[in-house]
Amino acid sequence: MTLYAIPTPLGGAPGNALPPSALEKVRTLESFVVENQKSARAFLSAVKMPRPLQELSLATLDEHTAPDEIPPLLEPLRQGRSLGLLSEAGCPAIADPGAALIEAAHREGFRVVPLIGPSSLILALMASGLEGQRFAFCGYLPREKDDRERRIRELEKRSRAEKETQLFIETPYRNDALLDSLLSVCSSNTSLCVAVDLTLSSESVHTKSIHEWKTARPQIGKRPAVFLLYAG
């Protein structure tokens, strides 16, 4: 039996973001582990599952799930049924609690298959114009201002030394605070790409120097965003 890691778009019709082969595979599943029940049901409804949603099994795995609660989530696999893993939005296991379920599946010898779908990190890098041969995803930066700015200095130094693009994200309600720190700390000629609402009709991707961003500072607000820094 197989654990399928299922990418989920931020919004709109899944058919616009996932290939038919991925959608067909999702429709064959009856059991899912999801980060958020409400968004998962909206996704599965949009996928047009062949059976009523109330007949599907949805178990929750989120940031509050204790480690000893994770192995029981694999029970469908033990019973001979394939299982789907859904993030709230994006690719499972990338800056996402689903990584723990995949690790547990590997420990028990189950097959893990990632389905094809959008990755905001790769889409942002593709559209940024920044170094695409050497890059690193740094996850979430520290939430406290001093720690965050110290980390930004480290990433800028690394980017300059290694000629490597640094990618990172933030909880949406702290986007503007992160941007403030980037504009305050980074050198004026360092390049910064801000990619917002990827795959949505409101998508916006812009790359400018820190100096240019200071003269035309955007208000990102609580929209999902990816930040890319290059000082090489």
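Because the structure is predicted, anything quoted here is derived from the model rather than measured. (Residues numbered from 1 in each chain as written. Predicted model: local features only at pLDDT ≥ 70, side-chain atom pairs only at ≥ 80, totals over all residues. Heavy atoms only, no water.)

(A) Highlighting the overall build of the chain. When its secondary structure is counted, the chain shows 8 helices and 10 strands. For a compact globule of 232 residues, the expected C-alpha radius of gyration is about 17 Å, and the chain comes in at 19 Å, within 12% of that figure. For the chain, the spread of C-alpha atoms along the three principal axes comes to 55 × 35 × 30 Å. The buried share of the chain, reckoned over its 232 residues, is 44%. A separation threshold of at least 6 residues defines the contact pool for the chain, and within that pool the share at least 24 residues apart is 73%. With an accessible surface of roughly 11700 Å², the chain has 49% of that area assigned to carbon and sulfur atoms. Charge separation in the chain, taken as the distance between the mean sites of 27 positive and 28 negative side-chain charges, equals 3 Å. (Helix = DSSP H or I, 4+ residues; strand = E, 2+ residues; numbered from the N terminus. Rg over C-alpha atoms; globule rule 2.2 N^0.38 Å. Buried < 20%, exposed > 50% of the residue type's maximum accessible area, 1.4 Å probe, protein only. Contact = heavy atoms within 4.5 Å. Areas by Shrake-Rupley, 256 points an atom, 1.4 Å probe, with all protein chains shown as cover. Lys, Arg positive; Asp, Glu negative; His and termini not counted. Charge placed at Lys NZ, Arg CZ, Asp CG, Glu CD.)

(B) Spotlight on the environment of Val-113. Residue placement: Val-113 occurs in strand β5 (residues 111-114). By relative accessible area, Val-113 is classed as buried at 17%. Sequence separation between Val-113 and Ala-5 is 108 residues, and the spatial gap between their C-alpha atoms is 6.2 Å. Ignoring any residue separated from it by four or fewer positions in sequence, one finds Val-113 in contact with Thr-2, Leu-3, Tyr-4 and Ala-5.

(C) Representation of the packing of aromatic side chains within the structure. Here the structure, examined in full by the defined rule, presents 1 aromatic pair. Taken together, a centroid distance of 6.1 Å and an interplanar angle of 10 degrees make the contact between Phe-168 and Phe-227 stacked. Of this pair, Phe-168 sits in strand β7 (residues 165-169) while Phe-227 sits in strand β10 (residues 225-230), and the two are 59 residues apart along the sequence. Relative accessible area serves as the criterion here: at 0%, Phe-168 is assigned to the buried category. Owing to a relative accessible area of 0%, Phe-227 belongs among the buried residues under this scheme. In this structure, Lys-208 packs its charged tip against the face of Trp-213, placed 4.9 Å from the ring centre. (Phe/Tyr/Trp six-rings, centres within 6.5 Å; stacked < 30°, edge-to-face > 60°. Lys NZ or Arg CZ within 6 Å of the ring centre and 35° of its normal.)

(D) The arrangement of the packing of helix α6 (residues 145-162) against helix α7 (residues 175-185) in detail. At a minimum axis distance of 10 Å, the contact between α6 and α7 shows a crossing angle of 55 degrees. Of the possible angle classes, the one that applies to α6 and α7 is oblique. Considering the relative orientation of α6 and α7, their crossing is right-handed. Of α7, the residues touching α6 (which contributes Arg-148, Glu-149, Ile-152, Arg-153 and Glu-156) are Ala-177, Leu-178, Ser-181, Leu-182, Ser-184 and Val-185. Looking at side-chain class alone, the contact of α6 with α7 contains 5 nonpolar, 2 polar and 4 charged residues. (Axes fitted to C-alpha atoms, helices over the stretch in contact; angles between N-to-C directions. Parallel < 35°, antiparallel > 145°, perpendicular 65-115°, else oblique. Left-handed = near helix turned anticlockwise from the far one by under 90°. Nonpolar A, V, L, I, M, F, W, Y, C, P; charged D, E, K, R; others polar.)

(E) Highlighting the environment of Thr-28. Tracing the chain through its elements places Thr-28 in the loop between α1 (20-27) and β2 (31-34). At 2.6 Å, the side chain of Thr-28 forms a polar contact with the backbone oxygen of Lys-25. (Polar contact = N/O pair within 3.5 Å; in protein donor to acceptor, adjacent residues only side chain to side chain.)

(F) Main features of α1. All buried positions along α1 are accounted for by Ala-22, Leu-23 and Val-26. Relative to the axis of α1, the buried residues are bounded by an arc of 100 degrees and lie together on one face. Residues of α1 that are buried make contact with β1 (2-6), β2 and α2 (37-47). (Arc of directions from axis to C-beta.)

(G) The arrangement of the sheet that holds β2 in detail. Spatially, 5 strands are ordered β3-β2-β4-β1-β5 in an open sheet, and the strand pairing comes out parallel. Where the open sheet ends on each side, the last strands, each with one partner, are β3 (57-60) and β5. Adjacent strand axes in the sheet meet at a mean angle of 25 degrees when their direction is disregarded. Pairing geometry for β2 and β3, over 4 bridges, is parallel. Along β3, the bridge assignment pairs Phe-32 with Leu-58. (Pairing = 2+ DSSP bridges.)

(H) Structural context of a nonpolar patch on the surface. Taken together, the side chains of Ile-122, Met-126 and Phe-135 present a nonpolar region at the surface, about 320 Å² in accessible area. Structurally, the position occupied by Ile-122 is in helix α5 (residues 120-128). (Patch = residues over 30% accessible without salt bridge, like charges linked within 9 Å, V, L, I, M, F, W, Y side chains within 5 Å. Salt bridge = Lys/Arg side-chain N within 4 Å of Asp/Glu carboxyl O.)

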